[in-house]
Amino acid sequence: MEIRMSLSRYCPVFVITAAILLLSGCEAPSTVNVNQQVTNSVATNTNTNTNANNSPAQPVEGVAFTMPLLDAMLTDETFVREARTAVQLTDEEVDKLQTRARNAVLELSGDPAEDGSRSTRSSTEEAMKEVRDVLGNERGNRFIAFVQQKWAGDSAPVTAKPNAVPTDTRVIVNIPAYRMDLFHDGKLVKSYKIGIGYPEFPLPTGLRKANTIIFNPTWTPPDEPWVKGKVAPGKTVEAGDKLNPLGPIKIPIGLPSLIHGGKAPARLGTFASHGCVGLTNGQIQDFASEISNLAGKPLSLQDIKAYEKKKTETEEVKLGTDINVELRYETIVVENGVLKIYRDVYERGTNTEENLQRILAEYGVQLDSLDAPTKEKLLQAIEDMAVDASGKPVETNQNSNIKGNSNASGNVTRNIKGKKEIAITIPQLAGKGYPAPVDLRAN
């Protein structure tokens with residue numbers, strides 16, 4: 001798909017051809033047939049009961065749809081052309097959608113110190129209302145589904161059971177756990193603490209691939225509210241510059257996301273990017289070495305630093321083989337005999353008693369068979385973690401597409417208030433579940 005500004009506003013990517021002008025941001029999604037049902041970004045390991053039989057003409061539950069994402073899409077000529085055909089948009093309707101999306105972006109706060117109260121659900125709810133106001137309910141729903149398909153990109157659906165441990169070589173990212181793991185032939189060899197996409201720029205889910213490491217990426221800041229003062233929109237920030245948010249390395253993992261450096265240690269374990277997996281520079285160097293080794297063409301830290309010394313030269317190094325990257329959204333995880341419940345930061349309604357029972361049953365444990373104090377702890381933990389990043393309760397009605405806490409604030413939630421997880425040891429789960437972190441790289 002041809003990109004001119006698109007999602008490149010938000011999480012920087014590399015220039016592919018002269019026809020692709022990228023400014024800064026995650027890669028825009030590839031072309032998807034509007035009549036194709038969206039399953040790409042709704043993996044079955046998201047601890048949800050998402051209906052897999054959604055009509056293609058209806059918004060797809062579990063897939064983000066926000067005005068900032070729409071704004072990014074509407075700057076791409078190919079997307080607009082395809083949307084005109086798929087939904088029979090008029091010039092006037094396109095103009096109205098562009099204006100409303102742009103205005104929504106301009107309202108976003110660019111101050112990292114501000115702790116806003118917007119959320120994925122409220123942003124999605126507001127965006128859907130805006131689109132339906134312009135296009136009506138039927139065509140609005142078709143357009144929303146079309147945008148969701150684009151955002152899903154080229155992710156393949158994941159069919160694994162909850163908390164599944166892979167048997168192959170792959171990277172697993174569990175978004176609400178702020179954790180990324182490297183597996184080699186089914187054995188966990190390395191873990192990383194990560195930063196995730198802001199609520200209005202959420203990481204998608206699904207199975208992707210990594211096949212290239214890009215050293216010394218440049219960054220051209222867009223004309224956006226979050227780009228203020230220190231850099232000039234449209235003026236390239238060279239690789240290695242302390243103002244370049246990518247750090248020394250970026251690794252594309254399929255449209256529209258990257259794994260990249262440039263993050264401060266304080267941003268790990270919270271929101272840190274516009275739709276990407278964020279690491280510190282030290283972490284991304286280590287990760288690049290580890291993944292290259294798993295892919296069969298090892299790069300030592302010395303090799304990596306040699307590339308980085310050539311700050312004015314952007315280098316693309318192909319991995320020996322493609323590595324699967326699985327993006328999960330699991331808020332209830334059995335980890336080495338301990339049940340962990342994470343905050344529902346993207347408000348998918350995953351922390352429910354029903355999901356708790358389902359996951360315990362995967363390990364042969366029934367909730368009602370537990371002693372009363374343990375059961376009470378679990379149910380209280382589910383309730384305590386059924387909140388968004390700002391601590392507000394999340395609507396858990398899975399039969400509604402989007403219901404949540406609408407808020408008129410224009411700020412992006414950048415930090416998480418309160419505890420992020422609750423861990424409860426259950427003797428019946430001893431020795432079971434997903435492995436605990438190995439050789440954890442926390443900064």
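Looking now at the overall build of the protein chain. Per the secondary structure count, the protein chain includes nine helices and 13 strands. Relative to its full complement of 443 residues, the protein chain shows a buried share of 58%. If you take every contact in the protein chain between residues at least 6 apart in sequence, the share linking residues at least 24 apart comes to 72%. As displayed, the protein chain offers around 17,100 Å² of accessible surface, 48% of which is attributable to carbon and sulfur atoms.

When you tally the buried positions in strand β5 (residues 206–215), you get seven out of 10 residues, the bulk of the element. Relative to strand β6 (residues 249–252), β5 runs antiparallel, the two sharing two bridges. Opposite Phe215, over in β6, you have Ile249 as the bridge partner.

What follows covers helix α2 (residues 77–87). Of all the residues in α2, the buried ones are Thr78, Phe79, Val80, Ala83, Ala86 and Val87. Backbone geometry just after α2 places Gln88 at a positive phi near 55°.

Let us look at the sheet that holds strand β10 (residues 315–328). Hydrogen bonding along the main chain pairs the strands of a sheet, whether they run parallel or antiparallel. Strands sit in the order β3-β2-β1-β10-β5-β6-β7-β9 across an open sheet of eight strands; the sheet is mixed. Edge strands, defined here as strands with exactly one partner in the open sheet, are β3 (187–193) and β9 (277–278). Across five bridges, strand β1 (residues 170–174) lies against β10 in parallel orientation. Looking across to β10, one finds that Val171 is bridged to Val325. Sheet contacts for helix α7 (residues 301–309): β5, β6 and β10; angle to β5, the most-contacted strand, approximately 65°.

It is worth spelling out empty space enclosed by the protein at this point. This model, assessed by the stated rule, comprises four cavities of 30 Å³ or more. Its volume calculated, the second largest cavity comes out at about 100 Å³. Looking at the lining of the second largest cavity, the elements with two or more residues in it are β1, β2 (179–184) and β11 (332–335). Ranked by residue count, the leading element in the lining of the second largest cavity is β1, at three residues.

A separate point is the packing of aromatic side chains. Enumeration over the complete set of coordinates arrives at six aromatic pairs. On the basis of an interplanar angle of 70° and a centroid distance of 5.8 Å, the ring pair of Phe183 and Tyr434 is categorised as edge-to-face. Here Tyr434 lies in the segment after β13 (421–425) and Phe183 lies in strand β2, a separation of 251 residues in the sequence. Here the two residues Phe183 and Tyr434 agree in accessibility, since each one is buried.

All right, on to helix α8 (residues 353–362) then. Burial in α8 covers these residues: Asn355, Leu356, Ile359 and Leu360. Take α8 and look down its axis: the buried residues cluster within an arc of 130°, on one side only. Packed against the buried residues of α8 are β11, β12 (338–342) and α9 (372–385). Looking one or two residues beyond α8, the residue adopting positive phi is Gly364, at roughly 75°.

If you walk across this open sheet you meet the three strands as β11-β12-β13, and the pairing is antiparallel. Whereas interior strands pair on both sides, the edge strands pair on one side only; in this sheet they are β11 and β13. Taking the axes of each pair of neighbouring strands and ignoring which way they run, one obtains an average angle of 20° across the sheet. α8 contacts β11 and β12 of the sheet and is inclined by roughly 25° relative to β11. Packing against the sheet, α9 makes contact with β11, β12 and β13, and its axis sits at approximately 170° to β13.

Moving residue by residue along a regular strand, the side chains alternate between the two faces of the sheet. Within β2, five of the six residues are buried, which leaves it mostly tucked inside the rest of the structure. By the bridge criterion, five bridges tie β1 to β2 in an arrangement that is antiparallel. Paired with Val171 across the two strands is Leu182, which belongs to β2. As defined by bridge partners, β2 adjoins β3 across six bridges and the pair is classed as antiparallel. Looking across to β3, one finds that Arg179 is bridged to Lys193. Counting the residues between successive antiparallel strands, the hairpin from β2 to β3 contains two residues, one of them, Asp185, with a positive phi of roughly 50°.

On to the confidence of the model for the protein chain. In this model, the protein chain carries a mean pLDDT of 79, and residues with pLDDT of at least 70 account for 72%. Residue range residues 1–9 is modelled with pLDDT below 50. Its contacts to residues more than four positions away, or to other chains, number 53 contacts.

Okay, unusual backbone geometry next. Its identity as a non-glycine residue notwithstanding, Gln88 has a phi of 55°, on the positive side. Summarising the element assignment, Gln88 is placed in the loop between α2 and α3 (91–106). Positive phi is not limited to glycine here, since Asp185 has a value of about 50°. On the secondary structure map, Asp185 appears in the loop between β2 and β3.

With that out of the way, let us pick up the pattern of salt bridges. For the structure on display, the rule yields 19 salt bridges. Salt-bridge contacts for Arg100 lead to Glu130; the nearest nitrogen and oxygen are separated by 2.8 Å. Of this pair, Arg100 sits in helix α3 while Glu130 sits in helix α4 (residues 120–135), and the two are 30 residues apart along the sequence. Judged by relative accessible area, which is 31%, Glu130 ranks as partly exposed. Beyond isolated ion pairs, a larger network of salt bridges with shared partners links Asp168, Arg170, Glu326, Arg328 and Glu330.

Cut-offs used in this document
- Residues numbered from 1 in each chain as written.
- Predicted model: local features only at pLDDT ≥ 70, side-chain atom pairs only at ≥ 80, totals over all residues.
- Heavy atoms only, no water.
- Helix = DSSP H or I, 4+ residues; strand = E, 2+ residues; numbered from the N terminus.
- Buried < 20%, exposed > 50% of the residue type's maximum accessible area, 1.4 Å probe, protein only.
- Contact = heavy atoms within 4.5 Å.
- Areas by Shrake-Rupley, 256 points an atom, 1.4 Å probe, with all protein chains shown as cover.
- Pairing = 2+ DSSP bridges.
- Axes fitted to C-alpha atoms, helices over the stretch in contact; angles between N-to-C directions.
- 1 Å grid on protein atoms, 1.4 Å probe; cavity = no way out; pocket = protein on both sides within 12 Å on 5 of 7 lines; lining within 4 Å.
- Points joined across faces, edges and corners; volume = space filled by probe spheres on them.
- Phe/Tyr/Trp six-rings, centres within 6.5 Å; stacked < 30°, edge-to-face > 60°.
- Arc of directions from axis to C-beta.
- pLDDT = per-residue confidence, 0-100.
- Salt bridge = Lys/Arg side-chain N within 4 Å of Asp/Glu carboxyl O.

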